[in-house]
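A closer look at the structure
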Amino acid sequence: MSEITAFANLLLPITAGYIVAILGTKISDRLPVPAPVLFLVAAAFLSDFLPQLRDFFSIKGVERTAVVALIVILLNGGMDLGLSRLRASLAPVLSIGILGTFLTAALVALAAHFALGFDWVLAGVVGAALAPTDPAVVFAVLGRREISGRAGTTLEGEAGVNDPAGIALMLGMVELATEPDASFLVVITTFVEEMAIGLACGAVGAWVLLQLVRRLQLDSEGLYPVLVLALAGAIYDLTSLAHGSGFLAVFVVGLALGDAATPYKAEIERFQQSLASVAEIVVFVALGLTISITDIPAEVWLDGAVLALVLALVARPLTVAATLSGLGLKRNERLFVAWSGLKGAVPILLAAFALLGGVDQAPRIYEIVFVVVLLSVLVQGSLVPAVAQGLGLPMHRTPPQPWQLVAPLAERPENAFDALVQDGSSVDGQRVSDLQEATGAWTSVVVREGRALLVAPELRLQAGDRLHLLAEPDVHGDIHRRVAAPRLD
């Protein structure tokens, strides 16, 4: 057999698997099941029928694959969120993303100690593994849906913030569990060091990245998305070498990119979105292949079910009540955030850190975390739309928009920008001419439900309209306030 034939035999099942996985994402449109759980379960069953797959992937290789995938997912998630959207929900995001991580870990640790019999240190490891929500799952569930109010922004921001926080917490817990002389102080110092350095490196890295992207004149527009990805990877590497949270640094870079004006912005966004979709598939398949789902003992299924119930019905609601009360979210929004704290690949990745770190009973912890993730995504994730409807939160799928209006320009368009009309804002229901008279802005295009409307002075704007405007830069802020602020009457 020639080398070409041998390699084709190896490549065929991989490419076929990707095709099936991509087509499988359409199943989640017809069934109330998030796509990530399909990849996770399918890979876990596949590893049972083909155990050589599980033997082929070492836990270290899978962990490194998951790290790379998470870098891509967090970069894209930050870009989708953007600083302007985050700023409107900054207090709840930081509160539940950081304080909530510790509180959730503590509550789960109590359950792991008293209900499952782990000693306090190992219970803390379990709590740290299950504390963060998962950006791949949250972005997959919310990314194609629009939710009124600040609930969706809070969930997306939390997923970006509490993953670096959870990883920093887990690194400290692994050291506490494996170093005889370590004290709980090492957990706090590791956490503070990782988050502070990660935030600083992310801010500096974002500034450097934007300067390079704006100033470099590359020969091909296709190189700009690759440059952004490579720079984000370098920022992760340098931050990690400085003992900071590279994940937080990448998320900060994504936030800065989301609102920044850069050359070939549309190309960069499309590339990152496509790559994040592939990364989502890869990370769940890779982690699923590490588990023999039919070999998980019955007691582990029971332990996982107990912790899943504690998380969904006790730890998450108490965390939301403690961290989001008095921060401007309505009661139904807080209840929705409480239900939608979905687990996913990140908790499994953190449990892999415990395996690689040589933590006592790490294989049992890994299997328990897998069961909790499976139940969380399958049950909670599937019910998210129904819960939103029951709580009176408008939640609808955004229609596909495969066509774009593009106007190539040689220089940065200082006067051009776009804004989204929010429900109940001061321009919701106003005529285009009213906005022009108040701000001097010229509305060039109004996109409503994926269609470009013919702009006339008497056209009345509606919530959900995407406005493409030309206006002097000094009135951009006023226009954003008008499309976002509620009416005073």
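Computed from a predicted model, the values in this text were never measured in an experiment. (Residues numbered from 1 in each chain as written. Predicted model: local features only at pLDDT ≥ 70, side-chain atom pairs only at ≥ 80, totals over all residues. Heavy atoms only, no water.)

1. Quick word on the packing of helix α5 (residues 59–88) against helix α13 (residues 265–288)
Two measures define how a pair of helices packs: the angle their axes make with one another and the distance between the axes. Between α5 and α13, the shortest axis-to-axis distance is 8 Å and the interhelical angle comes to 145°. The way α5 lies across α13 gives a crossing that is left-handed. For the pair α5 and α13, the contacting residues are Val62, Thr65, Ala66, Ala69, Val72, Ile73, Leu75, Asn76, Met79 and Asp80 in the first and Ile268, Glu269, Gln272, Gln273, Leu275, Ala276, Ala279, Glu280, Val282, Val283, Ala286 and Leu287 in the second. (Axes fitted to C-alpha atoms, helices over the stretch in contact; angles between N-to-C directions. Helix = DSSP H or I, 4+ residues; strand = E, 2+ residues; numbered from the N terminus. Left-handed = near helix turned anticlockwise from the far one by under 90°. Contact = heavy atoms within 4.5 Å.)

2. Considerations on the pairing of strand β3 (residues 416–420)
Across the two faces of β3 the burial differs, with Phe417 and Ala419 buried and Ala416, Asp418 and Leu420 not buried at all. As paired elements, β3 and strand β6 (residues 466–470) share five bridges and run antiparallel to each other. Looking across to β6, one finds that Phe417 is bridged to Leu469. (Buried < 20%, exposed > 50% of the residue type's maximum accessible area, 1.4 Å probe, protein only. Pairing = 2+ DSSP bridges.)

3. Looking at the pairing of strand β4 (residues 442–448)
Looking at chain direction, β4 and β6 are connected through five bridges and run antiparallel. Bridging across to β6, Val446 finds its partner in Leu467. Linking two consecutive strands that pair antiparallel, namely β4 and strand β5 (residues 451–453), is a turn of two residues; a positive phi of about 55° is found at Glu449 within it.

4. Quick look at the sheet that holds β5
Taken in spatial order, the four strands make up an open sheet running β3-β6-β4-β5, and their pairing is antiparallel. What marks the edges here is a single partner per strand, and that holds for β3 and β5. Ignoring which end each strand starts from, the neighbouring axes of this sheet average 25° apart. Lying on the sheet, helix α19 (residues 476–484) is in contact with β3 and β6; it crosses β3 at an angle near 15°.

5. A short note on unusual backbone geometry
The residue His243 is not glycine, and still its phi comes out positive at about 65°. You can see His243 is positioned in the loop between α11 (223–241) and α12 (246–259). Taking the relative accessible area as the measure of exposure, His243 reaches 51% and is therefore exposed. With a phi close to 60°, Gln361 is a non-glycine residue in the positive phi region. With respect to the helices, strands and loops of the structure, Gln361 is situated in the loop between α16 (345–356) and α17 (362–390).

Fair warning: the whole summary comes from geometry, so function is off the table for now.
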